[in-house]
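# Tertiary structure, described
Given next are the chains, with one letter for each unit.
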Amino acid sequence: MIPGPKPVESVRLLATPNPFMGGSTIAFALGHAEDVTLGVYDLTGRLVRSLQRCRLADGAYRFEWNGRDANGRRVPAGV
């Protein structure tokens, strides 16, 4: 197994509403520039939708998720 990037332990994600009803806003702040991979996963750990994969500068961020999977299908509440 190839080791992935080390998780950043100082980031707190806030997803609202939770559980979502048709979509959600994911907010977090970074204290310094980081490579970020943001995705929505189901309870089994399967990636439902990738939202962002890039390097972000320090600061506050908000990403919107429309409640759809990678194929554009609506996912049930609670994912």
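Source: prediction; values computed, not measured.

Criteria and cut-off values
Per-chain numbering applies: the sequence of each chain, read as written, is numbered from 1 onward. pLDDT decides what is reported in this predicted model: residues at 70 or higher carry local features, side-chain atom pairs at 80 or more are listed and counted, and totals for whole chains, interfaces and linings draw on all residues regardless. As a rule here, side-chain values come from all non-hydrogen atoms in the structure, and water together with hydrogens is ignored. Each helix corresponds to a stretch of at least 4 residues labelled H or I by DSSP, and each strand to a stretch of at least 2 residues labelled E; elements are numbered beginning at the N terminus. Contact between two residues is taken to exist if any of their heavy atoms lie within 4.5 Å; hydrogens are not considered. Only protein chains enter the area calculation, which uses a 1.4 Å probe; residues under 20% of their type maximum are buried, those over 50% are exposed, and those in between are partly exposed. Two strands are counted as paired when DSSP detects at least two bridges linking them. The axes are straight lines fitted to the C-alpha atoms, using for helices just the contacting stretch, and the angles between their N-to-C directions are given from 0 to 180°. Whenever Lys or Arg places a side-chain nitrogen within 4 Å of a carboxyl oxygen from Asp or Glu, that contact is recorded as a salt bridge.

Of note, Leu51 is situated in strand 4 (residues 47–56). Sequence-wise, Leu51 and Glu64 are 13 residues apart; in three dimensions their C-alpha atoms are separated by 8.4 Å. Apart from the residues within four sequence positions on either side, Leu51 is in contact with Ile26, Leu38, Gly39, Val40 and Trp65.

It is worth spelling out the side chain of Thr25 at this point. Relative to the helices and strands, Thr25 is located in strand 2 (residues 24–30). Owing to a relative accessible area of 12%, Thr25 belongs among the buried residues under this scheme. Excluding residues within four positions of it along the chain, Thr25 makes contact with Leu14, Ala15, Thr16, Arg62, Phe63 and Glu64.

Attention now moves to the sheet that holds strand 2. If you walk across this open sheet you meet the 3 strands as 1-2-5, and the pairing is antiparallel. The two strands at the open ends of the sheet, each matched to only one other strand, are strand 1 (14–16) and strand 5 (59–65). Strand-to-strand, the axes of this sheet are offset by a mean angle of 20 degrees, without reference to chain direction. The sheet contact formed by strand 2 and strand 5 spans 7 bridges and is antiparallel. Within the sheet, the bridge partner assigned to Leu30 lies in strand 5 and is Gly59.

Right, let's talk about the pattern of salt bridges for a bit. Throughout the structure, instances matching the rule amount to 3 salt bridges. Between Asp69 and Arg73 there is a salt bridge, and its shortest N-O distance comes to 3.0 Å. Residue Asp69 is classed as buried on the basis of its relative accessible area, which comes to 12%.

Let us look at the pairing of strand 3 (residues 34–41). Alternating residues of strand 3 divide into Glu34, Val36, Leu38 and Val40, all buried, and Asp35, Thr37, Gly39 and Tyr41, none buried. In the sheet, strand 3 pairs with strand 4 via 8 bridges, with the strands oriented antiparallel. Residue Tyr41 lies in a different strand from strand 4, and its bridge partner there is Leu47.

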